[in-house]
Amino acid sequence: MKNLTDDKKLFYFYTILVLLILSVAVFAPELAPYNPFDANMKESLTAPSTAHWFGTDKLGRDCLTRILYGTQTSLMMTIFLVALITVVGTLVGVLAGYFGGRMDMLLMRFADMMLAFPGIVLAIAIAGMMGGSVANTILALAVVSWTKYARLGRSLTLKIRECDYIAAAITCGTRPGQMLWTHIVPNILPTVVVTAAMDIGTMIMEIASLSFLGFGAQPPTPEWGLMLNEGRQVIQTAPWVMLFPGLAILVVVAVFNLWGDSLRDVMDSQRAN
Amino acid sequence: MPFFVGIGLCKDVFCIHKYLRLLMMKYLWIFYFKLKGMIFLKKNELLYRLAQMVITLFGVTLLTFGLTYVSPGDPVEMLLEVGDTIVPKEMIEATRHQLGLDQPFYLQYLRWLSGLAHGDMGLSYSAKMPVADRLLQGLPGTVALAGTSLIMMLLVAVPGGILSALYRNRFWDYLIRGFSFFGVSMPSFWVGLILLYVFGLKLGLCPIAGGVVTWDRMILPAATLAIAMGTKYTRQVRTAVLEELGQDYVVGARARGLPMRSILWRHVLPNACLPLITLLGLTIGWLLGGVAVIEMVFSWPGLGKMAVHAIEMRDYPLVEGFVLWVAVFYMGINLLVDCSYAYLNPHLRKGRTH
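Residues numbered from 1 in each chain as written. Chains lettered and ligands numbered in written order. Predicted model: local features only at pLDDT ≥ 70, side-chain atom pairs only at ≥ 80, totals over all residues.

The biggest cluster of nonpolar side chains holds 130 residues, and the ones touching the most others in it are A123, I124, A125 and I204 of chain A. Take this core: its biggest share by element is 14 residues, from helix α12 (residues 260-298) of chain B. Structurally, this core is a two-domain feature, drawing no fewer than three residues from each of domain 1 (43-131) and domain 2 (138-351) of chain B. Look past the residues within four positions of A123 of chain A in its chain and what remains in contact with it is A140, L141, V144, E206 and L210 of chain A. (Core = buried A, V, L, I, M, F, W, Y, C linked by C-beta atoms within 7 Å. Buried ≥ 20, exposed ≤ 12 C-beta atoms within 10 Å, placed from the backbone. Helix = DSSP H or I, 4+ residues; strand = E, 2+ residues; numbered from the N terminus. Domains from an automatic or database assignment. Contact = placed C-beta atoms within 7 Å.)

Written as structure tokens, this is what we have:
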């Protein structure tokens, strides 16, 4: 019993941290001291000071402001991406697992194909060829990662389909649509949500790496990966331009990883009880 | 031991030809038996795997080819417009016709496939040379970098993970887990930039300007990749070893009074090997993508940097070649992993199914 409450306490603590990060994203315009797009060539590459806590970049834009706005960009992209692959992947997986047949075969072969190829390489190719933009980055990463959720949804559905209450429901004449909605989806949801929560950190980093290569968000969008790319070019004279966006990624990814892990622990201990 | 048997059998030790021939035969013989023991996957399984590999190759190349079709950039304009030159429309059309880019999609793909079957991967637009040659140019750099980083990673991650599992919930465990936690949360290219700044620029310990493949230039990029892979892998080693340490046979061995050292070396580590090799295969998959990003950070002349430039220049044949190379390499690794799995686990060997 003691363990359970400890798990929950930790989970609440990390949830508060996550909410804090989310509110930074939401209230970025209120928190930020400057405008993220205002170039001021007179203050190009000034070191951190009281006026500019994190210094300024090549165009004299305030780094702190851009990092705060970057929270908005990065988190919006990540949440949209994770939601997209979770919903689409799970839906396809559940349908394939429940109905089986030729669609199932086709889906599994496609999922195998994706598994047999390093996803990030394909994502770089897709995002690069389609031309760098926020939408294409999300699309590229979604294409390579949705099969994970399809596999998960399918295997969970197959497991649940063997349960007695499904047989009972079939005997009672439950229609497939209702069956999926009332019996299967609620039962697989916890596992899927935990997987999605634990994926957020990874996705933030992958989005940042695509932007870093120049295949993601385009200038002048305030985005962390892109800022790191700009920082790389001035690393000799102004290391702060690349230092702080990386720290921001580190903090946010760490918090989301901890949150995902503790969510899994809470779910596990609840299921064990 | 077998080495001396070989020498003993040869009466005239100073006859180097006989000696070498005997040695060669002996090793061929050993190799033959090893190979026989490694006929790992059952025949059907192997066929299935090969078929799946072929399907994957088709799928991935088709997907990449499809991308060139929807891609907004025009390779011909990229090719001809150097600087501010304005190229006449007729010339663009002529070049397009010459490159076969005015043909329908499926014809282009078939043409590429038939070229591939003849060992011809096409001509790189940007490098103005055969794709195969360009790939071979970048290969040594990438292979050296990836291999070095993999070895560095294993040298740190495996002992680290074992240590962490043995001292579970004690100082070393917390320290190693703390490091690996932060490592997992850091983007690899940022780690690379930090290393570049600290060791290359501030301390001046390593040369930073890239462009050529030398050992001293490789330290920083290899370390970066090793850190990025190692943090994740240390955790996995820890989990695998912990799982084995919790098994009944460990309790049994301890009850019999076996020293912990021999339990660890003889029983726990060989058993923990199996999941670790699978995970290593997956790690190599990550490495293939990660190497592209890190090569960009350090301007390392390898395949990854080449691929990123090829994508920027809309150099389709080169991108196709790169994707094909990654697919073949990665699937080869995974096949090897599966084979080693069967080789290491006697249960899976032929005729010994349980």
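This part covers the domain arrangement of chain B. Residues and elements named next belong to chain B. Domain boundaries assigned for chain B yield domain 1 (43-131) and domain 2 (138-351). Summarising the inter-unit geometry, the C-alpha centres of domain 1 and domain 2 are found 33 Å apart. Taken residue by residue, the interface counts 22 residues in domain 1 and 15 residues in domain 2. With nine residues, the top contributor of residues to the side of domain 1 that touches domain 2 is helix α3 (residues 43-70). Along the lines of polarity and charge, the residues of the side of domain 1 that touches domain 2 split into 12 nonpolar, nine polar and one charged. (Nonpolar A, V, L, I, M, F, W, Y, C, P; charged D, E, K, R; others polar.)

In this section: the interface of chain B and chain A. Taken together, the contact pairs 39 residues of chain B with 33 residues of chain A. Sort the elements by how many residues they give to the side of chain B that touches chain A and α3 of chain B lands first, with nine residues. In the side of chain B that touches chain A, the residues fall into 28 nonpolar, 11 polar and no charged.

Attention now moves to helix α10 (residues 215-245) of chain B. Residues and elements named next belong to chain B. With 31 residues, α10 extends just 39 Å between its outermost C-alpha atoms, more than 12% less than the 45 Å of an ideal straight helix rising 1.5 Å per residue. Along α10, the helix axis deviates most sharply at G230, where the bend reaches about 35°. Within α10, 22 of the 31 residues are buried, leaving the element largely enclosed by the surrounding structure. (Expected span 1.5 Å × (residues − 1). Bend = angle between axes of the 7 residues up to and from the residue.)

When pLDDT is averaged across chain A, the result is 87; 99% of the residues are at 70 or more. Per-element averaging of pLDDT across chain A places helix α4 (residues 101-115) of chain A at the bottom with 82 and helix α3 (residues 63-99) of chain A at the top with 92. (pLDDT = per-residue confidence, 0-100.)

Helix-helix packing is characterised by the crossing angle of the two axes and by the distance between the axes. All names here are of chain A. Contact pair α3 / helix α8 (residues 176-212): the axes reach a minimum separation of 8 Å and the direction vectors enclose 145°. Regarding α3 and α8, the two cross each other, and that crossing is right-handed. For the pair α3 and α8, contact is made by S74, M77, T78, L81, V82, T86, T90, V94 and Y98 and by L180, I184, V185, V192, A196, D199, I200, M203, I204 and I207, respectively. Here the residues of the contact of α3 with α8 are counted per class, giving 14 nonpolar, four polar and one charged. (Axes fitted to C-alpha atoms, helices over the stretch in contact; angles between N-to-C directions. Left-handed = near helix turned anticlockwise from the far one by under 90°.)

Our focus in this paragraph is unusual backbone geometry. Here the amide bond leading from P219 of chain A into P220 of chain A is cis, since omega sits at 5°, within 30 degrees of zero. In this structure, N169 of chain B takes a positive phi of about 60° despite not being glycine. Along the chain, N169 of chain B falls in the loop between α7 (131-166) and α8 (171-184). One non-glycine residue with positive phi stands out, namely S299 of chain B, at about 50°. Relative to the elements of secondary structure, S299 of chain B occurs in the loop between α12 and α13 (303-312). Assessed through the 13 C-beta atoms surrounding it within 10 Å, S299 of chain B is described here as partly exposed.

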